[in-house]
Amino acid sequence: MSDDADFDQGQNPAPEPQFLQIVATPGSQPRGKRARPEPTLSRVAFRVSRLMEFCSERELQNQTGHAIHDWPLVVAKELIDNALDACEEAEVAPEITVIVEPGDTIVIQDNAGGIDADTIKSVLDYTIRVSSREAYVSPTRGAQGNALKTILAMGYVLDRKIGGDGLGVTVIESRGVQHRVEFRVDHIDSQPKIIHTTAPSPIEVGTRITINWPRTTLLLGYAEDRFKQLIRAYVWFNPHLSLRGRWFDRDFLIVVATNPNWEKWRPRNPTSPHWYDEARLQRYLAAHVARDRDLGQRRTVREFIAEFRGLSSTALQRKILTEVGCSHQSLASFFGADRVNRAGVAKLLAAMQRLSKPVAPKLIGVIGAEHLKERFLAAGGAVETFKYQRRQGVTDGVPYVVEFAFGLQHGGLAGAGGARLFATGANWSAAIANPFRSFGTTGEGLESTLAKVRANAKEPVICALHLASARIQFADRGKSSIILSDDAEQPDD
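All of the points below concern the structure found in this document. All figures in this text were calculated on a predicted structure; none of them were measured in a lab.

Quick word on unusual backbone geometry
In this structure, Phe248 takes a positive phi of about 50° despite not being glycine. The partly exposed category is assigned to Phe248, whose relative accessible area is 39%. Residues other than glycine seldom take positive phi values, yet Asp249 does so here, at roughly 70°. The residue Asp249 is located in the loop between strand 7 (242-247) and strand 8 (250-255) in this model.

Okay, here's the thing in C-alpha cells:
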C-alpha cells in the first residue's frame, strides 16, 4: 500500500496517540512545580559586508542578469566586448582569439593597447565600481563597470558549489606583466580576499585573460553549442573584426575582417548634447565633479562644454556661458555643493542642444548589405534568397540604425530542411538571448514576427538583426531585453 493510502477517503485512519494533558487555569501552576523563566534572546546588530554581493550564486545572477548555466556565455560576451572597445580606443582593427581548453579554461586575447596596472588594481577593489562609459551617453557595448569583478568571483562560487574551499583563479597578461589573481573570501569578515601576484609575461601587445574554473562543473560542455553560436555572431556585426575560435584543440571559427577600416562611432568620438536629458546630464556633471575633487583639479564649465560634439568653437562656448550665466565659473561651484543647481543644468542643456547640430543616424555606424551578405553566404545561405533592409531615424533626439538580413539555407532551398540560424545584437555586441522581445505597444517581439512568415526555430532560414543607437534602454542588468518605443521619426536624409 502506498503512503498516500492513509489519506484516501473511505480508509480507516490510524488511531491517534493518547497524550497526558495537564489542564491549568490561568495564573495557576501544577502543584509541586515551580515556574521557570522563559529564555530570552538579546539581538545583536551584525555587520555584513555588501562586498559579498559578488560571492554567492544568487547574487552573481543578480549582478550579471544570467543564471549559472549561462556564465560561460557571460564571460565570452563581456571579455569580447571589452576587447573590441579597447581595440577601437587604440584605433586598431580588432584581432581577437577565443580559446576553450580542456579543464574548463577560457582564454581571450586581443591586439589593443593593453590594460595598465592601475586599472587592474581598481578592478580588484570591490568597494568601488570603475567604468569609462557609465556616465556618458553614447553608442557603447556596455557601461555597467562591474563585468571583470563578476568574472573574477565566478570561479570562487563554482568551486564552493562542488564542495571545494572556494578559490577562483584569473590570469591577466598585458604590457609584459602577468597578473595572477586568486579570489577567496574571508568568512569571518564576510568580504572578498584577493591575492594579487605579478610575474614577467611574453604578452607585450594587447591583453590575454585566462579564466580557470573547477574541472568538474561541466558548465562549458553544457554550453558548448550556444557558446560557439555567440562567438560566431560577433563577426556578423563587426566588419572590422578578425576572429578565431578554438574549442579543445580544434578551430571552429577563423574569420578575416571584411573591412579593417570600417567606420563607426568610436569610444573617442565626443558625445552629443542631444543624447542627454536633464537627469543624464546631471549624472554626467556629478561624475566629472567627483573625479575633479579626487584628483584635486578645478575644471571650468567652459572646459566641460568643449568636450561635446559641435561645441569646440570658442564663440559658441562664450555664447552658452553668457546665456546660462556661468562665465569663468568652476564646474563644481556651478553644479552646487549642498544642492544640485537643477535650473542651471536645465538651462545649460537647452543652450548646448540649440547651438549644436544633431548627429545623423548614418554616422552611428552602418554594417551594410555587403558585409552581411558575405556572412550569410559563409553560413550556408542561398544567394538568390538573400534580402537586406535598413531603417534609420531619430527618437527623442537620439539616432538609431536597424539592419536586418534574411534568407534560406541551401538545404532549405533543396527541401532538405534544417534548423534556423539566428543572430541578434545591439551596438555591435552579440546577444546571449534574443533581446527584441517586444516592439513598442504592439506587444509582439521578433519571434512572433518571424513566426508569421514561417521562420520559426525549426525552419531552415538564416536571419540577423542588429540595432545601433546612442542610447539603448535595457530592461535588465544582463542586457537581455531591449525597451523599444513607437515614437521614432524617419529623417529625410
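There is more to say after this.
Quick notes on the packing of aromatic side chains
Taken as a whole and judged by the stated rule, the model has twelve aromatic pairs. Between Tyr156 and Phe183, the ring centres sit 5.8 Å apart and the planes meet at 50°, which makes this aromatic pair tilted. Placement of the pair is Tyr156 in helix 4 (residues 147-161) and Phe183 in strand 4 (residues 177-186), with a sequence separation of 27 residues. In this structure, Tyr156 and Phe183 share a single accessibility class: buried. Considering the side-chain rings of Tyr284 and Phe308, the 5.8 Å spacing of their centres and the 85° angle between planes classify their relative orientation as edge-to-face. Taken as a pair, Tyr284 in helix 6 (residues 278-295) and Phe308 in the loop between helix 7 (301-305) and helix 8 (314-324) lie far apart in primary sequence, 24 residues in all. A residue is classified by how much of its surface remains accessible, and Phe308, at 2% relative accessible area, is buried. Through a chain of ring-to-ring contacts, three or more aromatic side chains come together here, namely Tyr276, Tyr284, Phe304 and Phe308.

The rules behind the values
Residues numbered from 1 in each chain as written. Predicted model: local features only at pLDDT ≥ 70, side-chain atom pairs only at ≥ 80, totals over all residues. Heavy atoms only, no water. Buried < 20%, exposed > 50% of the residue type's maximum accessible area, 1.4 Å probe, protein only. Helix = DSSP H or I, 4+ residues; strand = E, 2+ residues; numbered from the N terminus. Phe/Tyr/Trp six-rings, centres within 6.5 Å; stacked < 30°, edge-to-face > 60°.

No statement about biological role is implied by the geometric values presented.
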